[in-house]
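# A closer look at the structure
Residue-level listing of the chains:
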Amino acid sequence: MSDRYASFVQSGPGRALVKRLGLPDPPRLRRHRPGDPLVTAPVVLGTAPGGRLAGQVGALLTAAGVELRDPAAVAPGPATDPAARNAALVYDATGITDSTGLRPLYDFFHAHARTLHPSGRVIVLGTPPEECGSPRAATAQRALEGLTRSIGKEFGRGSTAQLVYVTREADAGTLVSLESTLRFLLSGRSAYVSGQVVRVGRPAGPGQAVAPADWDRPLAGKVALVTGAARGIGAALARLLARDGAHVVVLDIPAAGDALAAVANDIGGTAVQLDLTTADAPTRLAEHLATRHGHVDIVVHNAGITRDKTIARMDADRWDQVIDVNLASQERINDVLLERDLIPAGGRIVAVSSIAGIAGNRGQTNYATSKAGVIGLVQSMAPVLAERGITLNAVAPGFIETRLTARIPLMIREAGRRMNSMSQGGLPVDVAETIAWFASPASGGITGNVVRVCGQSLLGA
Ligand code: NAD
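Small disclaimer: the values here were computed from a predicted structure and weren't measured. The numbering scheme is per chain: residues are counted from 1 as the chain's sequence reads. Note on the predicted model: pLDDT of at least 70 is required for a residue's local features to be given, and 80 or more for side-chain atom pairs to be given and counted; whole-chain, interface and lining totals, by contrast, use all residues. Excluding hydrogens and water, the side-chain figures rest on all heavy atoms present in the structure.

### A closer look at the overall build of the protein chain
Definition in use: In DSSP terms, a helix is any run of H or I states spanning at least four residues, a strand is any run of E spanning at least two, and both are numbered starting from the N terminus. For the radius of gyration, the atoms used are the C-alpha atoms, and the globule rule reads 2.2 Å times the number of residues raised to 0.38. A simple rule labels every residue: compare its accessible area, found with a 1.4 Å probe on the protein chains alone, to the largest value its type can have, and call it buried under 20%, exposed over 50%, or partly exposed in between. Here a residue-residue contact requires only that any non-hydrogen atoms of the pair lie within 4.5 Å. Shrake-Rupley sampling with a 1.4 Å probe provides the accessible areas, and residues are treated as covered by the protein chains on show and by no other component. His residues and chain termini do not enter the charge count, which takes Lys and Arg as positive and Asp and Glu as negative. A single reference atom marks each charge: NZ on Lys, CZ on Arg, CG on Asp, CD on Glu.
Summing up its helical and strand segments, the protein chain has 15 helices and 13 strands in all. Relative to its length of 461 residues, the protein chain is compact, with a C-alpha radius of gyration of 22 Å against a globular reference of 23 Å. Oriented by its inertia axes, the alpha-carbon framework of the protein chain measures out at about 65 × 55 × 45 Å. A burial count over the protein chain gives 56% of its 461 residues as buried. In the protein chain, 75% of the contacts between residues at least 6 apart in sequence involve partners at least 24 apart. Entry remark: accessible area of the protein chain is about 18,900 Å², with carbon and sulfur atoms responsible for 54%. The distance from the centre of the 47 positive side-chain charges to the centre of the 40 negative ones in the protein chain is 7 Å.

This is how it looks when you write it as structure tokens:
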């Protein structure tokens, strides 16, 4: 579970050797610690002519304590003086309505690329192409994806780059959701998220995107359920949701009861020992939530298994188990919790998919089918749930350092770790932070998204 190569590279003698030999150079990523400021240096905010968001974004970042720099006042070229370095480059590209209008993007990023400090952030704001009034405008807005994905691969040193499409019908709730998104993407919470396209829409109803009283404890008063929480990503997530203020109900199979109890005790949560594949699991879970808490605000379907074999060698049991745990159990639980009205308006459901569900993987037809199905579930159910004021999103982790990936044969494991823009695997906390952003009461305008937590892995890119 430990990346000895990265630790070596980040040491003094290791750095020198790696540079001399031209080996992969995994940077130390800036990760959020409680009490950290959003950014530790100014943010350059630029806009193409006619941008509709820069003014509002400037106001909300300033209110969040961020120092803004006017691009015209920033000297172009490499920032040799550390005080001249910037934490982020944010660009409002919503005003671009034609491919001939793409040039200001070049001007802005060409001038400021070398002023970004390590673990810097690039965020481009656009209009969803399908909402553009003309094919030309839609074409230009779609082109933004190529820019951000390339910058994610180019800038290095732990920098990330994302494209955020914001609906044209933005209302107050949309702006709160945009703030939630910018706070996530600018901070160390999104250390291992890069090259992503996020869509911020209008929340389904009034009051469904609410700025928390304290952005460091946005989940205060919320009840959250995490499945598969005895270890790995689920345990890290349970701890993080508790850090953010939630009461967390952790669930895992009875055989993992001791580890599960330890997680629950650590965070003052409640443990439920339940095998999700048993026929009565959804009703038993629903009864537990109804009697103990009356409802559940946040449901995270994290439990997952692998049973790898090529399809020619795979027995039917391996297929059935993986589809059942990773996909069908999510559907069954959603159905029962929704039937019994246990998830109120403002509720959040987050499903854990995988980049294997996007790219496919040799020896994982069962797993990739289940994880692609999770994406299908998000896309098909998000509009249905919007009618009830509930959001549904998915994370698709790449290579995350857990027991699951520690079992992968060495050479394949090394390839998985290094073949991404960060040259390293992610940590369970990186997936957990992304889920916590979806789960925030401020994220009501974010639904139907699938965000990869993969350091911009080359797989399925
Ligand atoms: P893990 O094996 O460490 O943890 C999974 C947990 O789910 C375990 O505690 C296990 O007991 C529990 N679980 C399994 N079957 C269950 C059942 N029938 N009922 C209740 N609980 C059950 O795995 P992880 O690496 O922490 O992965 C968590 C999720 O993230 C999974 O859905 C996995 O597919 C996904 N994922 C992980 C990675 C990675 O690199 N680790 C990458 C992509 C996706």
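### A word on the pairing of strand E4 (residues 116–126)
Threshold: Here the term right-handed applies to a crossover when the path leading from its first strand over the helix to its second strand runs clockwise, the strands being oriented away from the viewer. Two strands form a pair only when DSSP identifies at least two bridges running between them.
Of all eleven residues that make up E4, ten are buried, and the element is covered over most of its length. Read from strand E3 (residues 86–92) through helix H4 (residues 103–112) to E4, the crossover connection turns out right-handed. Pairing of E4 with strand E5 (residues 160–166) involves six bridges; the strand directions are parallel. In the sheet register, valine 124 faces E5, and the bridge partner there is leucine 163. In terms of handedness, the path from E4 via helix H5 (residues 135–154) over to E5 forms a crossover that is right-handed.

### Details of the environment of leucine 178
Its location among the elements puts leucine 178 in helix H6 (residues 172–186). Note: C-alpha distance between leucine 178 and alanine 140 (38 residues apart in sequence) is 22 Å. With residues up to four places along the chain from it excluded, the contact list for leucine 178 reads Val57, Leu125, Val164, Val166 and Val200.

### Section: the layout of surface pockets
Convention followed: Whether a set of points on the 1 Å grid over the protein atoms alone is a cavity depends on a 1.4 Å probe fitting there but being unable to get out, while an open set qualifies as a pocket with protein on both sides within 12 Å along at least five of seven lines; lining residues are those with an atom within 4 Å of a point. Grid points are joined across faces, edges and corners, and a volume is the space filled by probe spheres set on the points. Note on residue classes: Ala, Val, Leu, Ile, Met, Phe, Trp, Tyr, Cys and Pro are nonpolar, Asp, Glu, Lys and Arg are charged, and everything else, Gly too, is polar. Each domain's extent is set by a domain assignment, obtained either automatically or from a database.
Of the volumes computed, that of the second largest pocket is approximately 430 Å³. Put simply, the parts of the chain that give the lining of the second largest pocket at least two residues each are H5, strand E6 (196–200), helix H12 (365–386) and strand E13 (450–453). Partitioned by chemical class, the residues of the lining of the second largest pocket number six nonpolar, nine polar and five charged. Counting only domains with at least three residues in the lining of the second largest pocket, you end up with domain 1 (31–200) and domain 2 (223–453).

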